[in-house]
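# Report on the structure
One letter stands for each residue in the lines below.
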Amino acid sequence: RQFLAMLSGSDRQPFQHGIGRLEHAKAIIDPSNPLTARVIVNRVWANHFGKGLVSSPGDFGLRADPPSHPELLDWLTTQFIADGWSLKKLHRLIVLSAAFQQSSGGPDDAAEFARAQELDPANRLLWRMNAHRLSFEEMRDSMLAASGKLDASLGGKPTELFKPPFPVRRTLYGLVDRQFLPGTLRMFDFANPDLHIPQRSETTVPQQSLFLMNHPLVLERAKQLAKLVSETTDSASQVRQMYQQVFQRNPSTEQLADALQLLSSEVPESDKPPATAAEWSYGFGALDEAARKVSSFTPLPHFTGTAWQGGPAFPDAALGWVQLSATGGHPGNDRQHAAIRRWTAPKAMIISIASEVVHEPEVGDGIRTFIVSSRTGVLQAAKAHKQTVPMNVDSMAVEAGETIDFVVDIGDVLNTDQYFWRCQISETSAAESNRSIAWNSESDFPRNISERLTPLEQLAQVLLCSNEFLFVD
């Protein structure tokens, strides 16, 4: 065991102690081998400026481009070694430099800017700063810091970044599972943990925007940032405080006006549920076939945003497969857990029912469907197996508080029993036949408003998704 012959010279000697790892490490950082220090200095520089003094951080050989500033690389390397290989001192030296403190805008003088652009369009000579996007780790930590929740404690076990409740520790302590690397990390060009990645790629894809608009992790940060400034009652003060939290500056006059306009906006009409939605409820129960009435009805306890069901997991451990969505659902595991969409009459009136049950799968033995009145019993009944069945009631009188249940249970066995059932109940006034009210099972279904943001939270999200926040200038 000994060091590389090409780098050792004529006095190459085998390692003498143990397995040789310590001697190997000392040989790598030996003062006579300046390449190691140059490589790490170049990579630190690249992290701050977006590109290294040597543009190929993983190749310092004959095929690599020469350094853009060879004397600077030599000087930084010498200083780095003299400082005891201290990365902290190297970072401090770079960020306090005039080069780092430049703006990406370049010279204010137009002629000077044009001349520099002509001579060095790629900015290899650093006549201005290279603006570059934050990595995912930097972006997440910045969001936590801006919302006042970054946990900067040191040490400890790694945590799962994308599992609620979302942790607030630095992303450095995020769990990296090589076999199951989260898709979000891949989306933001995270380095492949199975490969040698001297420099990350930087792509721009639609999924990144969708993450910032919709992911619970981002929405949680926006809500926390809004909560942080909500103690101030004055809207203008809230905006200024939020700008200070995110950008460390006050908003311009135009930005303040736009933000105040957003804060004064009302909830859109499209976000408000229709008045007819209040008459529907969603649950499970059983049909007493002898009495021809529903013998029990229990509301389903969990709403996913698109469906009512037994719990967050589907099927639920206790209630099984029972589920109701805007367009249909799935009956439970047995006939005691039938899916029941219930309509309650708000007043005495005459109604008609128009509906259609669709069961598509060929496997299994289909489903049983019923329309049941709490006052008069079963109004319609049918069995559906890979077919479409109309379920209509032309006209009937209902009393205030009377319920109409749309019941679905399994056939003889539980097997591929998902179905579609869209129902419409229409009221026709006997005195004024030209006026009617309609209840529609799809348009009246609850909308997912659990993640809707208030105007103040929307402003927080706008700032966290802005280029000024996501890019280093």
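Residues numbered from 1 in each chain as written. Predicted model: local features only at pLDDT ≥ 70, side-chain atom pairs only at ≥ 80, totals over all residues. Heavy atoms only, no water.

Attention now moves to the pairing of strand E9 (residues 349–359). Taken together, the four bridges between E9 and strand E13 (residues 393–398) define a ladder with antiparallel strand orientation. Opposite Ile 350, over in E13, you have Ala 397 as the bridge partner. Where E9 meets strand E12 (residues 387–390), four bridges bridge the pair, whose relative direction is antiparallel. For Val 357, the partnering residue across the bridge sits in E12 and is Val 389. (Pairing = 2+ DSSP bridges. Helix = DSSP H or I, 4+ residues; strand = E, 2+ residues; numbered from the N terminus.)

Across the sheet, which stays open at both edges, the six strands sit in the order E3-E2-E8-E14-E10-E11 with antiparallel pairing between neighbours. In this open sheet, the two edge strands, each paired with only one partner strand, are strand E3 (293–299) and strand E11 (377–384). Pairs of neighbouring strands in the sheet enclose a mean axial angle of 30 degrees, with direction left out of account. (Axes fitted to C-alpha atoms, helices over the stretch in contact; angles between N-to-C directions.)

Right, let's get into the side chain of Ser 426. Along the chain, Ser 426 turns up in strand E15 (residues 419–428). Its relative accessible area of 19% is what places Ser 426 among the buried residues. Apart from residues no more than four positions distant in its own chain, Ser 426 is found in contact with Ile 350, Ile 351, Ser 352, Ile 437 and Ala 438. (Buried < 20%, exposed > 50% of the residue type's maximum accessible area, 1.4 Å probe, protein only. Contact = heavy atoms within 4.5 Å.)

The next thing to look at is unusual backbone geometry. Among all residues save glycine, negative phi is the norm, and among peptide bonds the norm is trans. Residue Pro 165 is reached from Pro 164 by a cis peptide bond, and omega for that bond is -10 degrees. Relative to the helices and strands, Pro 165 is located in the loop between helix H7 (136–146) and helix H8 (183–187). Going from Phe 314 to Pro 315, the amide bond is cis rather than trans, its omega being 0 degrees. With respect to the element layout, Pro 315 can be found in the loop between strand E5 (307–309) and strand E6 (323–325). Positive phi is not limited to glycine here, since Gln 248 has a value of about 60 degrees.

Under the criterion given, the structure shown has 17 aromatic pairs. An angle of 80 degrees between the planes, with centres 5.4 Å apart, marks the rings of Phe 113 and Trp 127 as edge-to-face. In this pair, Phe 113 is assigned in helix H6 (residues 110–119) and Trp 127 in the loop between H6 and strand E1 (132–133), connecting sequence segments 14 residues apart. Judged by relative accessible area, which is 29%, Phe 113 ranks as partly exposed. (Phe/Tyr/Trp six-rings, centres within 6.5 Å; stacked < 30°, edge-to-face > 60°.)

Looking now at the packing of helix H10 (residues 216–229) against helix H11 (residues 235–247). Where H10 contacts H11, the two axes come as close as 9 Å, and the packing angle between them is 125 degrees. Judged on the interaxial angle alone, H11 and H10 are oblique. Read as a crossing pair, H10 and H11 show a hand that is right-handed. Residues Leu 225, Ala 226, Leu 228 and Val 229 of H10 touch H11, and the partners they reach there are Gln 238, Gln 241, Met 242, Gln 245 and Val 246. Class assignment of the residues belonging to the contact of H10 with H11 gives a composition of six nonpolar, three polar and no charged. (Parallel < 35°, antiparallel > 145°, perpendicular 65-115°, else oblique. Left-handed = near helix turned anticlockwise from the far one by under 90°. Nonpolar A, V, L, I, M, F, W, Y, C, P; charged D, E, K, R; others polar.)

With that settled, consider a nonpolar patch on the surface. Together, Leu 4, Met 6 and Leu 7 make up a nonpolar patch on the protein surface, roughly 390 Å² of accessible area in all. Within the secondary structure layout, Met 6 lies in helix H1 (residues 5–8). On the accessibility criterion, Met 6 (80% relative accessible area) is exposed. (Patch = residues over 30% accessible without salt bridge, like charges linked within 9 Å, V, L, I, M, F, W, Y side chains within 5 Å. Areas by Shrake-Rupley, 256 points an atom, 1.4 Å probe, with all protein chains shown as cover. Salt bridge = Lys/Arg side-chain N within 4 Å of Asp/Glu carboxyl O.)

Here the focus is the environment of Leu 181. As for its position among the elements, Leu 181 is in the loop between H7 and H8. We classify Leu 181 as buried; its relative accessible area is 8%. Expressed as a C-alpha distance, the spacing of Leu 181 and Lys 89, which sit 92 residues apart in the sequence, is 33 Å. Sequence-distant contacts of Leu 181, defined by excluding residues within four places in its chain, comprise Val 176, Arg 186, Phe 190 and Pro 193.

The next point concerns the packing of helix H12 (residues 253–263) against helix H13 (residues 455–464). When two helices pack together, their arrangement is given by the angle between their axes and by how far apart the axes lie. H13 packs onto H12 with a crossing angle of 140 degrees between their chain directions and a minimal axis gap of 8 Å. The angle between H12 and H13 places the two elements in the oblique class. Where H12 approaches H13, its residues Ala 259, Leu 262 and Leu 263 are matched on the opposing element by Pro 455, Leu 456, Gln 458 and Leu 459. Partitioning the contact of H12 with H13 into residue classes produces six nonpolar, one polar and no charged.

Examined against the element boundaries, Thr 184 turns out to sit in helix H8. Given the relative accessible area of 11%, Thr 184 is considered buried. Not counting the four nearest positions on each side in its chain, Thr 184 is found in contact with Phe 136, Phe 162 and Phe 211.

What follows concerns the confidence of the model for the protein. In low-pLDDT regions, the fine details of the predicted coordinates are not to be read closely. Scored by pLDDT, the protein comes out at a mean of 92, with 96% of its residues at no less than 70. Mean pLDDT across the elements of the protein ranges from a minimum in H1, with 81, to a maximum in strand E8 (residues 338–344), with 98. (pLDDT = per-residue confidence, 0-100.)

Moving on, we get to helix H3 (residues 35–49). With 15 residues, H3 should cover 21 Å at 1.5 Å per step; its first-to-last C-alpha distance of 21 Å lies within 8% of that length. By the burial criterion, the buried members of H3 are Ala 37, Val 41, Asn 42, Val 44, Trp 45, Ala 46, His 48 and Phe 49. The secondary structure elements touched by the buried residues of H3 are helix H4 (70–82), helix H5 (87–95) and E1. Just beyond H3, the residue with positive phi is Gly 50, at close to 85 degrees. (Expected span 1.5 Å × (residues − 1).)

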